[in-house]
There are 2 protein chains.
Amino acid sequence: MHDVAAAAGVSRGTVSRVINGGYVSGAARAAIEAAIAEVGYVPNTAARNLVMQRSQAVAFLVLEPPSLILEDPNIGAIMLGANAVLSSADYQLVNLVVDSARDTERITKYLSGGFVDGAVIVSARANDPITRVVTDLALPATFVGHPADLKQGIPFIGIDNVGSARAITERLAATGRKRIGMIAAAVDRDSGADRLTGFRQALGRRFKPNLVAHVPFYDYASGMEGMRQLLQREPRLDGVFAASDAVAAGALQVLRELGRSVPGDVGVVGFDDSPWAQRTDPALSTVHQPAKEIGAQAADLVLRQLGGKTPEPGGILLPTPIVWRASA
Amino acid sequence: MHDVAAAAGVSRGTVSRVINGGYVSGAARAAIEAAIAEVGYVPNTAARNLVMQRSQAVAFLVLEPPSLILEDPNIGAIMLGANAVLSSADYQLVNLVVDSARDTERITKYLSGGFVDGAVIVSARANDPITRVVTDLALPATFVGHPADLKQGIPFIGIDNVGSARAITERLAATGRKRIGMIAAAVDRDSGADRLTGFRQALGRRFKPNLVAHVPFYDYASGMEGMRQLLQREPRLDGVFAASDAVAAGALQVLRELGRSVPGDVGVVGFDDSPWAQRTDPALSTVHQPAKEIGAQAADLVLRQLGGKTPEPGGILLPTPIVWRASA
DNA sequence: TTGTATGCGTTATCAG
DNA sequence: CTGATAACGCATACAA
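Reading the values: the criteria
Residues numbered from 1 in each chain as written. Chains lettered and ligands numbered in written order. Predicted model: local features only at pLDDT ≥ 70, side-chain atom pairs only at ≥ 80, totals over all residues. Heavy atoms only, no water. Contact = heavy atoms within 4.5 Å. Buried area = accessible area lost by both parts, 1.4 Å probe. Salt bridge = Lys/Arg side-chain N within 4 Å of Asp/Glu carboxyl O. Polar contact = N/O pair within 3.5 Å; in protein donor to acceptor, adjacent residues only side chain to side chain. Helix = DSSP H or I, 4+ residues; strand = E, 2+ residues; numbered from the N terminus. Nonpolar A, V, L, I, M, F, W, Y, C, P; charged D, E, K, R; others polar. Axes fitted to C-alpha atoms, helices over the stretch in contact; angles between N-to-C directions. Parallel < 35°, antiparallel > 145°, perpendicular 65-115°, else oblique. Left-handed = near helix turned anticlockwise from the far one by under 90°. Near = heavy atom within 4 Å. Pairing = 2+ DSSP bridges. Expected span 1.5 Å × (residues − 1). Buried < 20%, exposed > 50% of the residue type's maximum accessible area, 1.4 Å probe, protein only. Lys, Arg positive; Asp, Glu negative; His and termini not counted. Least-squares fit on C-alpha atoms with pLDDT ≥ 70 in both.

Peer 1: Whenever I open this one, the interface of chain B and chain A confuses me. Can you help?
Peer 2: Often, the extent of an interface is quoted as the loss of accessible area on bringing the components together. Taken together, the 44 residues of chain B in the interface contact 45 residues of chain A. Taken together, the two surfaces of chain B and chain A that pack against each other cover about 4,000 Å², and 54% of this comes from carbon and sulfur. The shortest N-O distance in the salt bridge between Arg256 of chain B and Asp281 of chain A comes to 3.4 Å. Counting every contact that joins chain B to chain A gives 19 residue pairs in polar contact (both at pLDDT 80 or more). Counting residues per element, the ones that place at least two in the side of chain B that touches chain A are helix H4 (45-52), helix H5 (66-71), helix H6 (73-88), strand S2 (92-97), helix H7 (101-112), helix H12 (245-257) and helix H13 (275-279) of chain B. Class assignment of the residues belonging to the side of chain B that touches chain A gives a composition of 20 nonpolar, 14 polar and ten charged.

Right under this line is the structure:
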């Protein structure tokens, strides 16, 4: 900037004003702009951050095993939705990968080091150290879904997992299925636990605990494992609610290997309406999750807090229509 | 830091020394560490960046339509490989999404604003504005794959697309297939063009231009489209080389819809050995791409440059074994 | 071993 | 409208 000021024959203050918009005479402005172009000047963001106390960047944090991030197209869609909103507001979305304990520590520093003004946090569990940091720092944040111990005052955005799971299970039952099982994934997270609750509600007195196979993750391999367990416990199973489309895809694979027809012998429904859902054979009946919209609203809530507004307490739940395809 | 110094009864210089490692007496160190814990002090990274002229962060840039990023598990694996290396060296990987022209502009500022010390760049094409910025800035960078106009002196890391494509096509031909076609994706990029070249080399005089279907992207939908084109031009087709596993998966879908058996009627091979490859039915024979290793080495090359070493000219090519499964 | 002073590149607050 | 000048929070050369 020194060079620019010198080349244009003005002070650094005036240069700063043409960059940030202030009262500057036309002549001075022209001279400075020419100088900027000539010198190839680019403002140093670190210096600007230091004095402005902001970075124009928002973190996007996924607190999930990284391999799952790749599996789950939903997360990607949420991120894209957030980026679109942030981008329009001239904020940089910074995607942080947490892949180890060491990462956690470094990201803690990153978050508290002035690198970002806010954060969108996906897939947090209760007692996550990063969640603690965010609340301690009072960093403007929005959670997608909400860990059980989410502090009051931090907004979250999500869907009604209980209601959606109940609804699709009811529709599956309405097709005449008598022995319906569930592959319940990630019940240590609110989404997983809620989907199981909804399933249970739908079945009421017909609910049988041994027709629920618990698996750790929302992924394809877990789906295969869960399906095998279920069939072993109840060979005459004729309906399955998989906790996600990826899980359902794994289940379909096992059914195919075993020669069971879908939806003939067994009806299968999933959750998410991710690209998986349309590519399985047969295509999946599933719960549509407005992932992009979720990301957009999460980003918007961060922006709002950055604008000084206190978000209304509680969270926002987005609607989740059921999409009926061929698998049930 | 002021608070810490006061609480410990020392000067700020001493506090700085215990943080960064310098000569400090045991007594002072103990007092300061206690004070740090009590106050909950965290160094301000913006200030540190400003004076140190570095950020301990490296950008991971994918110059590809964002929807494709979600489709391509390869890119995710590359990122994870890069993150692992960067993390061990205490660098933060910052994942940047470029989703619009506006993003391009903002990222340009980001790159030149001292936010990152280096960059790993994936899927760059010739004449990409971001590529220009990186070379103009002389930002330590490594390209994964290389755009045609990559400047001398910037290292890249990749695979031998020509040789790999040639090898797998030859093996497909060796199974007795007579009418082999290719679904060539993204020939505007070096990887796409090279795979086509390899295919052509393998077939030699038997190569027929009309048995190559050109599609824009490495994705599922493109695979479906390409397969339809190919069958229309040559209904008796008995072999297909798809430019990626996702493309192959789309092709398989079309073949299934049309009632052609694989590998009975048609042999299909892909490229990448991504998770797709094991989940299609039948599982794909394909070229294994060591994505994680590519990411790791790319990150390593950035780190090396950060360490002041000038990378040897030219790029590094990693081996790509062929994995033979059921589809051909 | 420690305190002090200076500078990193900007923005913002003043007089002028 | 513009030019000085004081922060911003930290690392570091230098003096003590």
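Peer 1: So what exactly am I meant to see when it comes to the packing of helix H6 (residues 73-88) of chain A against helix H14 (residues 291-306) of chain A here?
Peer 2: Helices that pack against each other are described as a pair by the angle of their axes relative to one another and the distance between those axes. Residues and elements named next belong to chain A. Direction vectors running N to C along H6 and H14 enclose 45 degrees, while the axes themselves pass 6 Å from each other. With respect to each other, H6 and H14 are oriented oblique. As H6 runs across H14, the sense of the crossing is right-handed. Across the interface between the two elements, Asn74, Ala77, Ile78, Leu80, Gly81, Ala82, Val85 and Leu86 of H6 pack against Ala291, Lys292, Gly295, Ala296, Ala299, Asp300 and Leu303 of H14. Here the residues of the contact of H6 with H14 are counted per class, giving ten nonpolar, three polar and two charged.

Peer 1: Hey, could you run me through the protein's contact with DNA strand C in this one?
Peer 2: Around DNA strand C, the structure places 26 residues, and the nearest of them are Met1 and Ser16 of chain A together with Thr14, Arg17 and Ser25 of chain B. Sugar and phosphate atoms represent 69% of those atoms of DNA strand C found within 4 Å of the protein. Ser11 of chain B places a main-chain nitrogen or oxygen 3.0 Å from a phosphate oxygen of DNA strand C. Interatomic distance of 2.4 Å between a side-chain N/O atom of Thr14 of chain B and a phosphate oxygen of DNA strand C. Breaking the surface near DNA strand C down by element, the ones donating at least two residues are helix H2 (12-20) and helix H4 (45-52) of chain A together with helix H2 (12-20) and H4 of chain B.

Peer 1: I'm lost on the sheet that holds strand S6 (residues 180-185) of chain B in this one. Help?
Peer 2: Note on sheets: strands pair through backbone hydrogen bonds, and any given pair is parallel or antiparallel. All names here are of chain B. One open sheet accounts for four strands, arranged S7-S6-S8-S9; its pairing is parallel. Pairing within the sheet leaves two strands with one partner each, and these edge strands are strand S7 (212-215) and strand S9 (267-269). Recorded for the sheet is a direction-independent mean angle of 15 degrees between the axes of neighbouring strands. Docked against the sheet, helix H10 (residues 190-203) engages S6, S7 and strand S8 (239-242), running at close to 165 degrees with respect to S6. The strands that H12 touches are S6, S8 and S9; relative to S9, the one it contacts most, it runs at about 160 degrees.

Peer 1: When you look at H6 of chain A in this model, what are you seeing that I'm missing?
Peer 2: Since there are 3.6 residues in each turn of an α-helix, residues three or four apart along the chain are aligned in direction. All names here are of chain A. With 16 residues, H6 should reach 22 Å at 1.5 Å per residue; the first-to-last C-alpha distance of 23 Å fits that figure. Judged by how many residues are buried, H6 sits mostly within the fold: 13 of 16 residues are covered. A positive phi of about 65 degrees marks Asp90, the residue just after H6.

Peer 1: It is not clear to me how the environment of Pro43 of chain A should be interpreted in this structure. Could you clarify?
Peer 2: Mapping Pro43 of chain A onto the fold places it in the loop between helix H3 (26-39) and H4. Separated by 24 residues in the primary sequence, Pro43 of chain A and Ile19 of chain A have C-alpha atoms spaced 8.9 Å apart. When sequence neighbours within four positions are dropped, the list of residues in contact with Pro43 of chain A reads Arg48 of chain A together with Ser112 and Gly113 of chain B.

Peer 1: Which parts of the structure should I look at to understand the protein's contact with DNA strand D?
Peer 2: The immediate surroundings of DNA strand D are formed by 24 residues, with Thr14 and Ser25 of chain A together with Ser16, Tyr41 and Arg48 of chain B found nearest. Each atom of DNA strand D within 4 Å of the protein belongs either to a base or to sugar and phosphate, the latter forming 70%. Contacts to DNA strand D include Ser25 of chain A, whose side-chain N or O atom sits 2.6 Å from a phosphate oxygen. The residue inventory of the surface near DNA strand D, partitioned by class, reads twelve nonpolar, eight polar and four charged.

Peer 1: Can you walk me through the pattern of salt bridges in this structure?
Peer 2: For side chains bearing opposite charge, pairing can occur when the charged atoms are close. Under the counting rule described, the total for this entry stands at 18 salt bridges over all chains. Where Arg325 of chain B meets Asp273 of chain B, a salt bridge forms, and the shortest distance between an N and an O atom there is 3.0 Å. With Arg325 of chain B in the segment after strand S12 (322-323) and Asp273 of chain B in the loop between S9 and H13, this residue pair connects regions lying 52 residues apart in the sequence. Judged by relative accessible area, Arg325 of chain B falls into the partly exposed class, the value being 24%. Judged by its relative accessible area of 17%, Asp273 of chain B is buried. Put simply, Arg102, Asp103 and Arg106 of chain A together with Asp90 of chain B are held in one network by salt bridges that share partners.

Peer 1: How should I be thinking about the side chain of Asp245 of chain B in this particular structure?
Peer 2: Residue and element names in this part refer to chain B. Within the secondary structure, Asp245 is located in helix H12. Summary of buried charges: Asp245 has no salt-bridge partner, and the nearest side chain of opposite charge, Arg325, is 6.2 Å away. Only 2.8 Å separates the side chain of Asp245 from the backbone nitrogen of Asp273, close enough to count as a polar contact. The residues touching Asp245, leaving out its near neighbours within four places in the chain, are Gly270, Phe271, Asp272, Asp273, Ser274, Trp276, Ala277, Leu284 and Thr286.

Peer 1: Just to check I follow, could you spell out the relation of the copies chain B and chain A for this structure?
Peer 2: Each of the two chain copies goes to the other by way of a rotation about an axis and a shift along it. You can overlay chain B on chain A at an RMSD of 0.1 Å; the transform is a turn of 180 degrees with a shift of 0.1 Å along its axis. When the rotation and shift are considered jointly, the pair of chain copies conforms to a two-fold rotation axis. Taking the C-alpha atom as reference, chain B places Asn95 of chain B closest to the rotation axis, 2.3 Å from it. Same-surface contact between copies: 100% of interface residues of chain B are shared with the interface of chain A.

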